[in-house]
Amino acid sequence: MNKDKIFRPIVNLESDTAKTTTGALNNLLANEYALFTKTLNYHWNITGPRFHSLHTFLEGQYKDLLTVMDDIAERIRIIGETPHSTVKKLAGAMDLSERNGAGLSSNEMINDLFESNMIIQEEIKDITKKEELFKEDPGTEDFLVGLLQKHEMMSWMLKSHLD
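Below is a short write-up of the structure. (Residues numbered from 1 in each chain as written. Predicted model: local features only at pLDDT ≥ 70, side-chain atom pairs only at ≥ 80, totals over all residues. Heavy atoms only, no water.)

### Some thoughts on the overall build of the protein
A tally of regular secondary structure across the protein gives six helices and zero strands. When the helices and strands of the protein are listed from N to C terminus, the series reads α-α-α-α-α-α. Its C-alpha atoms give the protein principal-axis dimensions of about 65 × 30 × 20 Å. Within the protein, contacts between residues at least 6 apart in sequence are counted, and of these 78% link residues at least 24 apart. In the form shown here, the protein has an accessible surface area of approximately 8,800 Å², with 54% of it arising from carbon and sulfur atoms. (Helix = DSSP H or I, 4+ residues; strand = E, 2+ residues; numbered from the N terminus. Contact = heavy atoms within 4.5 Å. Areas by Shrake-Rupley, 256 points an atom, 1.4 Å probe, with all protein chains shown as cover.)

### Some thoughts on the packing of helix H5 (residues 106-128) against helix H6 (residues 138-160)
In contact at an axis separation of 9 Å, H5 and H6 are set at 160° when each is read in the N-to-C sense. In this view, H5 runs roughly antiparallel relative to H6, as classed from their interaxial angle. Of the two possible hands of crossing, H5 and H6 adopt the one that is left-handed. Contacts between H5 and H6 involve Ile 110, Leu 113, Phe 114, Asn 117, Met 118, Ile 120, Gln 121, Ile 124, Lys 125, Ile 127 and Thr 128 from the former and Glu 141, Leu 144, Leu 147, Leu 148, His 151, Glu 152, Met 154, Ser 155, Leu 158 and Lys 159 from the latter. (Axes fitted to C-alpha atoms, helices over the stretch in contact; angles between N-to-C directions. Parallel < 35°, antiparallel > 145°, perpendicular 65-115°, else oblique. Left-handed = near helix turned anticlockwise from the far one by under 90°.)

### Some thoughts on the environment of Asp 142
Note on placement: Asp 142 falls in helix H6. Accessibility expressed as a relative area gives 57% for Asp 142, which makes it exposed. With 14 residues separating them in the primary sequence, Asp 142 and Thr 128 have C-alpha atoms 9.2 Å apart. (Buried < 20%, exposed > 50% of the residue type's maximum accessible area, 1.4 Å probe, protein only.)

### Some points on the packing of aromatic side chains
In the structure shown here, the tally under the stated rule is one aromatic pair. Here the guanidinium or amino end of Lys 159 rests over the ring plane of Phe 114, the centre of that ring lying 5.9 Å away. (Phe/Tyr/Trp six-rings, centres within 6.5 Å; stacked < 30°, edge-to-face > 60°. Lys NZ or Arg CZ within 6 Å of the ring centre and 35° of its normal.)

### Section: the side chain of Ser 106
Checked against the element boundaries, Ser 106 lands in helix H5. When neighbours within four sequence positions are excluded, Ser 106 is seen to be in contact with Ile 46, Thr 47, Arg 50 and Leu 54.

### Concerning the environment of Ile 120
Along the polypeptide, Ile 120 turns up in helix H5. Distance in space between the C-alpha atoms of Ile 120 and Thr 20 is 18 Å, their sequence separation being 100 residues. In this structure, Ile 120 is in contact with Leu 28, Asn 31, Glu 32, Leu 35, Leu 96 and His 151, ignoring residues within four places of it in sequence.

### Observations concerning the pattern of salt bridges
Tallying each qualifying case throughout the model produces seven salt bridges. Between Asp 137 and Arg 75 there is a salt bridge; the shortest N-O distance is 3.1 Å. Note that Asp 137 is positioned in the loop between H5 and H6 and Arg 75 in helix H3 (residues 51-79), a separation of 62 residues in sequence. Across the pair Lys 159 and Asp 163 runs a salt bridge whose closest N-O atoms are separated by 3.7 Å. (Salt bridge = Lys/Arg side-chain N within 4 Å of Asp/Glu carboxyl O.)

Right, dumping it as structure tokens:
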């Protein structure tokens, strides 16, 4: 057995593959952090006649996203690598843009969260198309498919508030 493989919790996972997978997961983690922050921001700043229902709805969304971030970081540790763990590192890897919730209508906030979820769905799909990453790591592929399903559900719920 290769010495590198002995120290990884996933059998037969090559170091280069682990590092490539971790890079993709860290970028995803950064975007999840951006979406979490944006959702929390909107939760704090939502106003209008739907205040209570949207405030409560967004609380559920940001709590779900906190769990998602924890799960991604733990998956990175399972692979035997280290997740981005500082705001500076996460901000440097983010693709999603930040928006200040002050002054936005509730529909603008919900639409922004919907669009951000759609971007994350595309990111997950792009990662799962890289079959070479999952030859010896089907657990991460399965994890990503489950995460995609969570974002599809979140997107549907957000879109339902806009119809």
